Every structure is written in C-alpha cells, then in structure tokens.
Amino acid sequence: MTFPKTLLAFQDQFPDEDACWQTLRRMRWPHGFRCPRCAHRKSYRLAERRLEQCQRCRYQASVTAGTLFHQTRVPLRVWFLAIFFVARHKQGISALQFQRDSGVGSYQTAWTMLHKLRSALRHRPADRLVGLVEADETFVGGHERGRRGGREVLHKSIVVAAVEQRPHSAGRVRLEVLERLRFEEDLGPFVCGVIDARRAIVRTDGYAGSIGLDAAGVRHDRRIQGSDRARSSEILPWVHTIFGNLKTRLRGTFHGVSGKHLQLYLDEFAYRFDRRWREGELFGFVLARAVRGRPLPYPRLTAELTG
Ligand SMILES: [Zn+2]
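This structure is a prediction, so every number in the text was calculated from the model and none was measured.

Within the protein chain one finds eleven helices and eight strands. Burial status across the protein chain gives 34% buried among its 307 residues.

Next up, the structure:
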C-alpha cells in the first residue's frame, strides 16, 4: 500500500469513511475476510457499528477491535487525518492546532486522540542500541514557570537519553523520564534496558551517577569534562543536539508539557528521530502502529543492574 505525502493526496485517497474502512480492512485481513467461526470468505459491512458480518453464519467481526480506533465515536477519517498530521508535522502537532484543523468537537477529544497515537509510538523493547552509545541527562521544564504566555506551572523533570554515535550522524535514540529522587538508581536500569550490552559501549561524561554502569557489566567509556560545557558537547555531541531540539520542541509547539505526560512526547520525538530519513513513509508506519493497536507495554525499564 502506498500512502499520501501531501494533504491533497490525503483527500484523494481518503475522501470518505468508506475509503478508511477499506484500508483498515485490508490491514486487518491482508488475505481477505475470513470468518473466525466458519472460515467463510464473504461478509457484509455493518458500517454503523464498524462490523463485518459473515454472509453464512452471521458472525460479526469488528474491524477496529484491537486497534487504537476501537470503541471511539470519532470517524475513522478524522483518525486518519490525525495520523497524517502526526506523520507530516516535523515539530509535532498540538491538540489545540489539531482541534482547529480537524474540527473535532472538543479540545479534550483532540488531546485524547493525539495521546493515544503517541502511546503507540514507543520503541519496541527488543530493539536495542548498539555500537558507541552516548548517554546523558538533562532537566526539562521548570524554567517555563512564569514565562509570559506559559500555560502551566511546571516542575523540572529529569530526562535521560541514549543515542547511537555513528561516524557521520546519530543513529537511534531512546529517551526516558526519571524519578528525581531515584536518579542514580534509574540511570543504570535505563541504559541497561535500551542497549545490547554485548554490542554497545556507553560513553558518559564525568557524572558520578554513571559509575554504577561499570558495576553492571556495561562497557563504559567515562570522559571527565571538567567544568567546560563546550568540552561536554565534544564528548557527547548527539545527545546535546537532541536535548536542544527536544527543549525547543516542547517550548515551541507544546508550550511546555506537564511532567505526567512528558514520556509520551519523548516517545513521539524519539520515534520521529529514528525515522528522520524516511519521512515520506511515516504515514504508513504510524497507521500500522495504530492498527496494531494496544499501546506497547509501558514498563519502568527494569533490567537488573546485575547485568
Ligand atoms: Zn461465518
């Protein structure tokens, strides 16, 4: 299946609810409908209830069961539009903007839809970083407090990043919000949870909390940078670039994000970053994630420090 790259192409490809339905149907049943009860291959569409009914035994199979769209009252076309925007807006799209552009009834609905989509974009736990991996932490939020036009009083959140340093570019990135009080215990589990320990070397600056990595059996390249910030950017160039972009994004498009929901924004950011060379394909990717449905499990990354 090919998917639209422009808004006009989107309108051509998905002019109505039926077009979205057919796409969803093809993705759910790539070899055509097959009744789960009697294996018959012909069905009627019961559009009102988003069901396909078997022509022989009348079994009713839901097209949206197990997808993010299940039991939503929002038309599929509006969902597809949300996916289009998520895929096409490099800086992300705010709920307010999406509400205006899509005409959904309320800010709350727009916000919930975007959050559901974000929740499907988290990296797969089995997809581990390899090679030279930069790891560092930063504070996000907090400084927004009292900004003119700032909507929320925010507390600082600690965000850790791990990113593959490749010869001429960055590879994949993982981002995680850490509990402030358990900072030192969490850096280790985070790093251990996102790297392939046999194939990765983790580079950090002199930050004391990273010492535990050695004890965990992680190959660790700890570079003391002294008090020189510029030297820190030399040691960990990509992680600093990513933190800079992330903060700009959170301040700009989203006018700050509360700590409670920050992880979802980090997941969207990382998802997009990992696929930044394949922007034209993002619509199909995000749609596939939405169809696959249930948000990926959201564990605290609990890999043991014992490696
Ligand atoms: Zn049947």
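Now that the structure has been shown, we can carry on.
Close contact between helix α3 (residues 76-88) and helix α11 (residues 282-292) brings their axes to 8 Å; oriented N to C, the two are set at 130°. Put simply, α3 runs oblique to α11. Every pair of crossing elements has a handedness; the one defined by α3 and α11 is right-handed. Each of Ile 83, Phe 84, Val 86 and Ala 87 in α3 lies in contact with α11, whose residues at this interface are Leu 282, Phe 283, Val 286, Leu 287 and Ala 290. The class makeup of the residues in the contact of α3 with α11 is nine nonpolar, no polar and no charged.

A few words on the nonpolar core. In terms of nonpolar packing, the biggest core is built from 71 residues, with Ala 82, Ile 83, Leu 117, Ala 161 and Val 191 touching the most fellow members. Once you skip the residues sitting within four places of it in the chain, Leu 117 turns out to touch Leu 68, Ala 82, Ile 83, Val 86, Val 286 and Ala 290.

Scoring rules and cut-offs
- Just so you know, the residues in each chain are numbered from 1, in the order the chain's sequence is written.
- Totals for whole chains, interfaces and linings use every residue, but because this is a predicted model, local features are given only for residues with pLDDT of at least 70 and side-chain atom pairs only at 80 or more, for both listing and counting.
- Here a strand is any run of E in DSSP of at least two residues, a helix any run of H or I of at least four, and the numbering for each starts at the N terminus.
- Here the C-beta atoms are placed from the backbone, and a residue counts as buried if at least 20 other C-beta atoms lie within 10 Å of its own, exposed if 12 or fewer do, and partly exposed otherwise.
- Comment: axis = line fitted to C-alpha atoms, over the contacting stretch for helices; angle = value between 0 and 180 degrees taken between N-to-C directions.
- By definition in this entry, angles of less than 35 degrees are roughly parallel, angles greater than 145 are roughly antiparallel, angles of 65 to 115 are roughly perpendicular, and the rest are oblique.
- Helix crossings get a hand from a simple test, with the near helix turned counterclockwise from the far one by less than a right angle marking a left-handed crossing and a clockwise turn marking a right-handed one.
- What counts as a contact is two residues whose backbone-derived C-beta atoms lie within 7 Å of each other.
- Throughout, the ten residues Ala, Val, Leu, Ile, Met, Phe, Trp, Tyr, Cys and Pro are labelled nonpolar, Asp, Glu, Lys and Arg are labelled charged, and all others, Gly among them, are labelled polar.
- Definition of nonpolar core: a set of buried Ala, Val, Leu, Ile, Met, Phe, Trp, Tyr and Cys residues joined via C-beta atoms within 7 Å.

Note that all results are geometric; they support no functional claim without further evidence.
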